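Geometric and topological summary
Spelled out from the first residue to the last, the chains are:
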Amino acid sequence: MPGHTADQLCQWIYQKGVIDPDGMTNISSRNRQRLPELLQLGEARIHRNQDSNDGTRKLLLEWPPRRSGAGSLELLHDVQQTECVMIPSGQRRTACVSSQVGCPVGCRFCASGLEGLDGNLTTARIVEQVWRLQQLPGLDRITNIVFMGMGEPLANYAAVTSAIRTINADWAFNISARRITVSTVGLPTAIRKLVDFEIPVTLALSLHAPNDQLRREIIPWAEYATIEELLDACDEYFRKTGREVTLEYILLGGVNDQPEHARELANLAGRLRSNINLIRYNEVESLPYRRPESADVHQFQSILLKGGVNTHIRASRGRDIAAACGQLRQEASTED
Ligand code: SF4
């Protein structure tokens, strides 16, 4: 297929949102007929589409079984379901996408890891989440992408970085590197690999505790790397890319939200060029954690600010449809 046809195809798919070859009227009918043999466009079925009363939109996408390998080694994978979320805020339209089905990390407070990992998403399935959110009626173009949905993005490194190339490309979504955030629970080797990735995305480290002991209680994978090792890797990321690292800290009522935790956190944050996002815990049924008291949240922030740490309290969005941070999950398809 000639190069200009590929350009036309990208315009139809990414700018005009058209994936039906019959609608691509400036492509020759011969090439349109060949398209279904060459490409699979728009594989997902929208299993559920929910709107929050704060404007947040959530999609539960379902993909058909996929074949991989060849000959006697060919595997048939299960149906995959993932959630993705669109969060409008002022001029921003942020798409929160998943990188895996379920999550292998199993943070004690999070719904996504409750049933462990059910597989990686391919590059196409990550990109399709962005495309599906872009097609929701009544919304302007997506301006920001956060890899904060289901999964640990750096544990699916190849597919995530490949998807970022498409998200960033001017022939596709054309979203700049600084508006793409990869949020990780912290894999020092993968963070160092990301330093050499040609697109200097924003890195967010999900710290969630100010010391290793408490961190290991709430994040099982914390036993593989100390906070010290993680901050060293983040510091290298900042020095080599010039991108300030964001430290994410989910406030769990009575667990990690007390003044002594804030003072410890201020000391850690002073070690590298970073800012802190405080996130109030969003309740998940069956988990024992509670949302922090407002007074504790503001006291926590003021200790950090007094310690010279740039700190924001992130608004919880989409709580009424379980679209907020830590609430995404795959759901059984039997209920509809
Ligand atoms: S918080 Fe993130 S890393 Fe932890 S279980 Fe949930 S999705 Fe996985």
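Below: a short report on this structure. (Residues numbered from 1 in each chain as written. Predicted model: local features only at pLDDT ≥ 70, side-chain atom pairs only at ≥ 80, totals over all residues. Heavy atoms only, no water.)

If you walk through the whole model with that rule in mind, you get 6 aromatic pairs. Between Tyr14 and Trp171, the ring centres sit 6.0 Å apart and the planes meet at 65°, which makes this aromatic pair edge-to-face. Taken as a pair, Tyr14 in helix α1 (residues 3-15) and Trp171 in the loop between α4 (157-168) and β10 (180-184) lie far apart in primary sequence, 157 residues in all. Classification of Tyr14 by relative accessible area gives buried; the value is 13%. Residue classification places Trp171 among the partly exposed residues on the basis of a relative accessible area of 42%. Ring centres of Tyr14 and Phe173 lie 5.1 Å apart, and the angle between their planes is 75°; on these two criteria the pair is classed as edge-to-face. A residue pair is termed long-range when its members are at least 10 positions apart, and Tyr14 in helix α1 and Phe173 in the loop between α4 and β10 qualify at 159 residues. Assigned by exposure class, Tyr14 and Phe173 land together as buried. Among the aromatic residues, ring-to-ring pairing joins Tyr14, Trp171 and Phe173 into one connected group. Above the plane of the ring of Trp12 lies Lys16, whose end atom (NZ or CZ) is 4.0 Å from the centre. (Phe/Tyr/Trp six-rings, centres within 6.5 Å; stacked < 30°, edge-to-face > 60°. Helix = DSSP H or I, 4+ residues; strand = E, 2+ residues; numbered from the N terminus. Buried < 20%, exposed > 50% of the residue type's maximum accessible area, 1.4 Å probe, protein only. Lys NZ or Arg CZ within 6 Å of the ring centre and 35° of its normal.)

Once that is clear, we can look at the side chain of Arg93. Mapping Arg93 onto the fold places it in strand β6 (residues 92-96). Arg93 sits in the buried class, given a relative accessible area of 13%. Here Gly90 takes part through its backbone oxygen, which lies 3.2 Å from a polar atom of the side chain of Arg93. Those residues within four positions of Arg93 in sequence are excluded, and the remaining contacts are Met86, Ile87, Pro88, Leu139, Asp140, Arg141, Ile142, Thr143 and Asn144. (Polar contact = N/O pair within 3.5 Å; in protein donor to acceptor, adjacent residues only side chain to side chain. Contact = heavy atoms within 4.5 Å.)

Consecutive side chains along a regular strand alternate between the two faces of the sheet. For β10, the tally of buried residues reaches 5 of 5 residues, placing the bulk of the element in the interior. The alternating pattern of β10 places Ile180, Val182 and Thr184 and Thr181 and Ser183 on opposite faces, both of which are buried. Taken together, the 3 bridges between strand β9 (residues 144-147) and β10 define a ladder with parallel strand orientation. For Val146, the partnering residue across the bridge sits in β10 and is Thr181. This β-α-β element, β10 to helix α5 (residues 188-195) to strand β11 (residues 202-206), shows right-handed connectivity. (Pairing = 2+ DSSP bridges. Right-handed = clockwise from strand over helix to strand, strands pointing away.)

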